[in-house]
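# Chains, contacts and geometry: an overview
The lines below spell out each chain.
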Amino acid sequence: MLDGLKDTLGAAIKKIVRSSDINEELIKDLARDVQRALLQSDVNVKLVLEITKQLEERALGETPPPGLSRKDHIVKILYDELAKLLGSESDFDFKPDRQNKIVLLGIQGSGKTTVTSKLAKFLTKQGYAVGVVGADTYRPGALVQLRTMCEKANVEVYGEENNKDSPEIVRHGLKHFAGKPLDVILVDTAGRHKEEKDLLDEMKEIKKAAEPDLALLVIDGTIGQQCYNQAEAFHKTIPVGGVIVTKLDSSAKGGGALAASAATGAQVMYIGTGERIDDLEKFSPTRFVGRLLGMGDVQAVLDLCASRGSQAAR
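Residues numbered from 1 in each chain as written. Predicted model: local features only at pLDDT ≥ 70, side-chain atom pairs only at ≥ 80, totals over all residues. Heavy atoms only, no water.

Remark: helix α2 (residues 24–40) packs on helix α4 (residues 70–85), axes separated minimally by 13 Å, with the N-to-C direction vectors making an angle of 30°. Considered as vectors, α2 and α4 are oriented roughly parallel to each other. As α2 runs across α4, the sense of the crossing is right-handed. Side by side, α2 and α4 meet where Ile27, Leu30, Val34 and Leu38 of the first sit next to Arg70, Ile74, Leu78, Leu82 and Leu85 of the second. When grouped by side-chain class, the residues that make up the contact of α2 with α4 number eight nonpolar, no polar and one charged. (Axes fitted to C-alpha atoms, helices over the stretch in contact; angles between N-to-C directions. Helix = DSSP H or I, 4+ residues; strand = E, 2+ residues; numbered from the N terminus. Parallel < 35°, antiparallel > 145°, perpendicular 65-115°, else oblique. Left-handed = near helix turned anticlockwise from the far one by under 90°. Contact = heavy atoms within 4.5 Å. Nonpolar A, V, L, I, M, F, W, Y, C, P; charged D, E, K, R; others polar.)

Here it is in structure tokens:
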């Protein structure tokens, strides 16, 4: 995942770790390396300049806390700033004793139907009872695909093959599931473009019919920083509470997609990392950055060092 970014950042960190002296020139070199790596991953130029400015200022101006060497502290600063770029960790607060309704939105071709199935499987593995409403009436075979994939998760799909009225299907689907012991109902909708007014109007009608607890925007990670405009357009139609970024397994622009999504204020909640139904994971900026830097859960290690150092100082 994002191998180019990972390799470049890894090489930049090795320079710091192997150096005999941490000086201003070395820190400026690190900032330039990070800048190049992020720009190659299609992260917005303004965001890149902000993060590298912060990196440089903090690395030159901050005194390492007790227990951390100067080198470790610089790595921690890089880690902190990259994690901040990708937003905070976000999770949906499932309410017990009721059916939580989640509507999935997205542009055509973003992989929304596949993600609906993956999310159904993910949530069942978390112990939730899930039902799915197939309300994509535009794409031929969408309902068949949804049912086929959800069978792998033992999740029931409600749909009406000969009905083209999506809001009506949503109402019927919610009524169908009303008496069943479900925790979550996922609603798959038709892919649309931010310029397609009719489809966006239909989205408003679906919102009225579903009264969702959460709207999740599914975005194709290969389009990079264009994600920002997509998320903004959808957010104006129906408030987007979270983002799922797909196709990160093969995307050179994945960093741009993640950063752009986070910049909209709707945090990235899940990421798709492959083709299989299990290839969906909850997104944690700190864990993701740790993996990018090839350091696992670096935050836990650094926190432990800092706590030991403060204990020693006492």
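Now that the structure has been shown, the text picks up again.
As a packed pair, helix α5 (residues 112–125) and helix α6 (residues 142–151) sit with axes 9 Å apart at the nearest point and diverge in direction by 25°. Judged on the interaxial angle alone, α6 and α5 are roughly parallel. The handedness of the crossing between α5 and α6 comes out as right-handed. Listed contacts from α6 to Thr113, Thr114, Thr116, Ser117 and Ala120 of α5 are Ala142, Gln145, Leu146, Met149 and Cys150. Taken together, the residues of the contact of α5 with α6 break down into five nonpolar, five polar and no charged.

Where burial is concerned, most of strand β5 (residues 214–220) is hidden: seven out of the seven residues are buried. With burial as the criterion, each face of β5 is covered, one bearing Leu214, Leu216, Val218 and Asp220 and the other bearing Ala215, Leu217 and Ile219. Pairing of strand β1 (residues 100–106) with β5, which is carried by five bridges, proceeds in the parallel orientation. Bridge pairing in β5 links Ile102 to Leu214. Inspection of the sheet shows β5 paired to strand β6 (residues 242–246) by five bridges, in the parallel sense. Within β6, the residue paired with Val218 across the bridge is Ile244. (Buried < 20%, exposed > 50% of the residue type's maximum accessible area, 1.4 Å probe, protein only. Pairing = 2+ DSSP bridges.)

Our next topic: the side chain of Thr189. Tracing the sequence through the fold places Thr189 in strand β4 (residues 184–189). In this structure the side chain of Thr189 is engaged in a polar contact, spanning 2.6 Å, whose partner is the backbone oxygen of Leu104. Excluding its chain neighbours within four sequence positions, the residues that come into contact with Thr189 are Val103, Leu104, Leu105, Lys112, Ala135, Asp136, Met203 and Ile206. (Polar contact = N/O pair within 3.5 Å; in protein donor to acceptor, adjacent residues only side chain to side chain.)

Attention now goes to the pattern of salt bridges. One pass over the full model with this rule turns up 21 salt bridges. With a shortest N-O distance of 2.7 Å, Glu56 and Lys28 are connected by a salt bridge. You can see Glu56 sitting in helix α3 (residues 45–61) and its partner Lys28 sitting in helix α2, a full 28 residues away along the chain. When its relative accessible area of 30% is taken as the criterion, Lys28 is described as partly exposed. Among the salt bridges present, the one from Lys121 reaches Asp278, with a minimum N-O distance of 3.1 Å. Here the residue Lys121 occupies a position in helix α5, and Asp278 occupies one in the loop between β7 (268–272) and β8 (280–282), the gap between them amounting to 157 residues. Here the residues in one salt-bridge network are Arg58, Glu62, Lys76, Asp80, Glu81 and Lys84, joined through shared partners. (Salt bridge = Lys/Arg side-chain N within 4 Å of Asp/Glu carboxyl O.)

Read these as spatial facts, not as claims about activity.
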